[in-house]
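Letter by letter, the chains look like this.
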Amino acid sequence: MTHRDATGSRGTSADRTERELREALAALADGVRAAPDAYRTARGEWLRRERRRRLVLAVLVMVVFALATLIGLWVLNQAPADPGVIFSGTGPPAGVSLRPHL
């Protein structure tokens, strides 16, 4: 025999508290009425935020790509205009043979 069986129909204070709380919450829930278009409004707002987030990410990627391209072009443009020693086109330096030594 459990404690609940011994108390009969009176109910313990925990049972009574639980029952009263359940009744109070049920009465409160019955009084709540959602707006008819609440789901549609919330979903539309979420979709707008998602589109905005994707747009901001796309713009950020384009800005970073454009900035990297501009920096790369600027660096390449800073190279000296005169040909360097490697690309002078005068042939091999004196004393250097292009044939492999055997």
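Reading guide: rules and limits
Residues numbered from 1 in each chain as written. Predicted model: local features only at pLDDT ≥ 70, side-chain atom pairs only at ≥ 80, totals over all residues. Heavy atoms only, no water. Helix = DSSP H or I, 4+ residues; strand = E, 2+ residues; numbered from the N terminus. Buried < 20%, exposed > 50% of the residue type's maximum accessible area, 1.4 Å probe, protein only. Areas by Shrake-Rupley, 256 points an atom, 1.4 Å probe, with all protein chains shown as cover. Patch = residues over 30% accessible without salt bridge, like charges linked within 9 Å, V, L, I, M, F, W, Y side chains within 5 Å. Salt bridge = Lys/Arg side-chain N within 4 Å of Asp/Glu carboxyl O. Polar contact = N/O pair within 3.5 Å; in protein donor to acceptor, adjacent residues only side chain to side chain.

## A word on the overall build of the chain
Next, step 1: Counting its regular elements, the chain contains three helices and zero strands.
Next, step 2: Listing each helix as α and each strand as β along the chain from the N terminus yields α-α-α.
Next, step 3: Taken across its 102 residues, the chain has 4% of its residues classed as buried.
Next, step 4: Only carbon and sulfur atoms are counted for the fraction: they give 65% of the accessible area of the chain, which is about 10200 Å².

## Describing a nonpolar patch on the surface
Next, step 1: A cluster of nonpolar residues, Leu-55, Val-59, Met-62 and Val-63, forms a patch on the protein surface that exposes about 390 Å² of accessible area.
Next, step 2: On the basis of relative accessibility, which here comes to 56%, the residue Leu-55 falls in the exposed class.

## Describing the side chain of Thr-12
Next, step 1: Here Thr-12 shows up in the loop between α1 (3–7) and α2 (13–31).
Next, step 2: A polar contact of 3.2 Å, which involves the side chain of Thr-12, links it to the backbone nitrogen of Asp-15.

## Comments concerning the pattern of salt bridges
Next, step 1: Using the criterion set out here, one finds four salt bridges in the structure.
Next, step 2: Residue Arg-16 pairs with Glu-20 through a salt bridge whose shortest N-O separation is 3.1 Å. With Arg-16 and Glu-20 both in helix α2, this residue pair falls four residues apart, about one helical turn.
Next, step 3: According to the relative accessible area criterion, Arg-16 is partly exposed, its value standing at 45%.
Next, step 4: Glu-50 is the salt-bridge partner of Arg-54, the closest N and O atoms lying 3.2 Å from each other. Of the two residues, Arg-54 and Glu-50 are both situated in helix α3 (residues 38–77); the distance of four residues between them amounts to about one turn of the helix.
Next, step 5: Assessed through its relative accessible area of 58%, Arg-54 is described here as exposed.
Next, step 6: The class of Glu-50 is buried, set by a relative accessible area of 19%.

None of the figures reported here should be taken as evidence of function without further support.
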